[in-house]
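Secondary and tertiary structure notes
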Amino acid sequence: MEIIDIAKQFQLNGSVLLVEPYGEGHINRTYLVTTDKQRYIMQKINTALFTNVEGLMNNISAVTEFIKNKTESEGKDSSRCTLIVIPTKDNKKYYTNDDGSYRTYEFIEGAQAYQSATPELFRQSGVAFGKFANDLSEFDASVLFEVLPSFHDTTVRYKNFLKAIENNKSGRADKVKAEIEFVKSREKYCGILVNAIKNGEIPLRVTHNDTKLNNVMLDNITGEPVAVIDLDTVMPGSVCYDFGDSIRFGCNTGKEDDENLDNVTFSKALYDSYYEGYVSAFPSITDREKELLPYGALLMTFECGMRFLTDYLDGDTYFRTTRENHNLDRCHTQFKLVEEMEKIFDFKA
Ligand code: ADP
Ligand code: GN1
Ligand code: MG
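Report follows, based on the coordinates. (Residues numbered from 1 in each chain as written. Chains lettered and ligands numbered in written order. Predicted model: local features only at pLDDT ≥ 70, side-chain atom pairs only at ≥ 80, totals over all residues. Heavy atoms only, no water.)

Moving on: the site of ligand 2. Around ligand 2 lies a shell of 17 residues, among which His26, Lys212, Glu256, Arg307 and Tyr318 are the nearest. The contact in question runs from an oxygen atom of ligand 2 to an N or O atom on the side chain of tyrosine 318, over 2.4 Å. For ligand 2, whose free accessible area comes to 450 Å², the fraction covered by protein is 98%. The pocket occupied by ligand 2, as judged from atoms lying within 2 Å of grid points, is the largest pocket. When residues of the shell around ligand 2 are assigned to their parent elements, the largest contribution, 3 residues, is made by helix 9 (residues 287-314). Among the residues forming the shell around ligand 2, the class breakdown is 7 nonpolar, 4 polar and 6 charged. For the shell around ligand 2, the two domains that each supply at least three residues are domain 1 (3-109) and domain 2 (119-344). (Near = heavy atom within 4 Å. Polar contact = N/O pair within 3.5 Å; in protein donor to acceptor, adjacent residues only side chain to side chain. Areas by Shrake-Rupley, 256 points an atom, 1.4 Å probe, with all protein chains shown as cover. 1 Å grid on protein atoms, 1.4 Å probe; cavity = no way out; pocket = protein on both sides within 12 Å on 5 of 7 lines; lining within 4 Å. Sits in = over half its atoms within 2 Å of the grid points. Helix = DSSP H or I, 4+ residues; strand = E, 2+ residues; numbered from the N terminus. Nonpolar A, V, L, I, M, F, W, Y, C, P; charged D, E, K, R; others polar. Domains from an automatic or database assignment.)

Pasting the structure below:
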C-alpha cells in the first residue's frame, strides 16, 4: 500500500496532496501529511518495540485528553496544548495493515522542536516539562499501561548490558574493552534512583521518560512552551528521569552522535537555566526529588551511553543508525558527559 493511501485512511480535513518523511526521531517513522487545507503528522509505530499498540494509543489518548481538559478548565486556549489524535475513518485511534500500524496527529503549527537551543529556549523547555509533570500530578497513574517495563531501571539496563557482552552478537566486544570497563567501574550508580523509589524517598509519578529537547514544541515567535510531544513512553516513573534525560541531551554542547568529542562538553550554564525553568513550573516537586535531580542527569546519561553500547554489541538492532560506528559515537558522547558531570557535581554513591 502506498504511503499516501495510508494517510487517506484517517479523518483528514481536505484532500491529501503530499506525504513526506519528517523529523529526526530514532524510533518511529514520521511523515508530514499535507492536504489542500492543513497539515498532519503521521507515524508508523515501531511495533518491534511497542508490541501493544492498543495499550500505547489508549495511554496517549488518556494523557492528552487530561491535559486538554485541564487547560480548558483554567480558561486557556487548548488548541495547541497537547497532541491531538486524528481517528481513522472507522473511528479507531490507529490504522493497521499487513505492513504495520500508523497513527495521525494534528500538526502543531507555529512551533518547532529544536535539536539544540540557546539557554533561554532550553529554559523554556524546562518550563514545558516541569509544567507537564505538574499538570499530570493529579492523573491516576494506575490507568496507564506500562508500555516498556523497567524502561529507566538502570539496574535492569546493566544486566542487559552484561548479557550483550556475553552474547557478543556483533563480534565487536574486543573493540570496546575500554568502554565496557567504563560502565563496569560505575555499576554502583545503577541502583540510586530505583532504590530511592523502592524505599519511598521519592514518589512514583506519571512521567514522560523521553524528554529530549526535540520532544517539546516551542512557539516560533515567543519561544514559550506549546506542547510536549512523543508520548509513547508516558508511564509511571520518577521526575528525576525526566529532568535527567533533558539535561543529558540539552546540556551537550555537541551533538548526541558527534564524531568529534572536542565539540562535546557539559554546559553547567545550560543546566542551571533548565533547572530554574523546570522547578519554577513544578511547585509540587518534593525537596528530596530536588536533591536527586543531579543524580537523574548522571544516571540518564550513563544509562543512555550504556544502551548505545549494548546496541553496538548487539549489532545495531534498536536505535536507527546510518553509519558503521554510529552507536559507538553516541556512546562516547554520553560517557564524556558523564565524566564532566562527575567533576562538576559532588556525587555520593
Ligand atoms: P520519535 O519517537 O521517532 O522520536 P516523535 O514523535 O518525536 O518521533 O516525532 C519526530 C519529530 O516530528 C519531532 O521531533 C517533531 O519535530 C515532529 N513532530 C512530531 N509530532 C508533531 C506534531 N504533532 N506537530 C508538529 N511536529 C511534530
Ligand atoms: C530514543 O524516540 P526518540 O528518538 O525520541 C529512545 C530514548 C533515548 C533516545 C536517545 C523509546 O528516543 O530512550 O534516550 O532515543 N526512545 C525509546 O536519543 O527507546
Ligand atoms: Mg522524539
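With that settled, consider the coordination of the magnesium ion (ligand 3). Donor atoms from the polypeptide that bind the magnesium ion (ligand 3) are Asn215 (OD1) and Asp230 (OD), placed at 2.2 Å. Taken as a pair, asparagine 215 in the loop between strand 8 (205-207) and strand 9 (216-219) and aspartate 230 in the loop between strand 10 (225-228) and strand 11 (235-237) lie far apart in primary sequence, 15 residues in all. Note on asparagine 215: relative accessible area 5%, which makes it buried. The partly exposed category is assigned to aspartate 230, whose relative accessible area is 25%. (Donors = N, O, S within 2.8 Å, 3.2 Å for Na, K, Ca; no water. Buried < 20%, exposed > 50% of the residue type's maximum accessible area, 1.4 Å probe, protein only.)

Below, the discussion takes up the site of ligand 1. The immediate surroundings of ligand 1 are formed by 19 residues, with Gln43, Ile108, Asn214, Asn215 and Asp230 found nearest. Take glutamine 43: an N or O atom from its side chain is 2.9 Å from an oxygen atom of ligand 1. Protein chains shield 94% of the accessible area of ligand 1, which is 550 Å² for the free molecule. Cavity membership is defined here by more than half of the atoms lying within 2 Å of grid points; on that basis ligand 1 lies in the largest pocket. Of all elements in the fold, only strand 3 (39-45) and strand 6 (100-106) reach the threshold of two or more residues within the shell around ligand 1. Per-class residue counts for the shell around ligand 1 are 10 nonpolar, 7 polar and 2 charged. Mapped onto the domain boundaries, the shell around ligand 1 takes at least three residues apiece from domain 1 (3-109) and domain 2 (119-344).

On to the pattern of salt bridges. Using the criterion set out here, one finds 26 salt bridges in the structure. Residue glutamate 342 is joined to arginine 186 by a salt bridge in which the shortest nitrogen-to-oxygen separation is 2.9 Å. Note that glutamate 342 is positioned in helix 10 (residues 326-344) and arginine 186 in the loop between helix 5 (177-184) and helix 6 (192-198), a separation of 156 residues in sequence. What makes glutamate 342 partly exposed here is its relative accessible area of 24%. (Salt bridge = Lys/Arg side-chain N within 4 Å of Asp/Glu carboxyl O.)

Nothing here speaks to function; it is all geometry.
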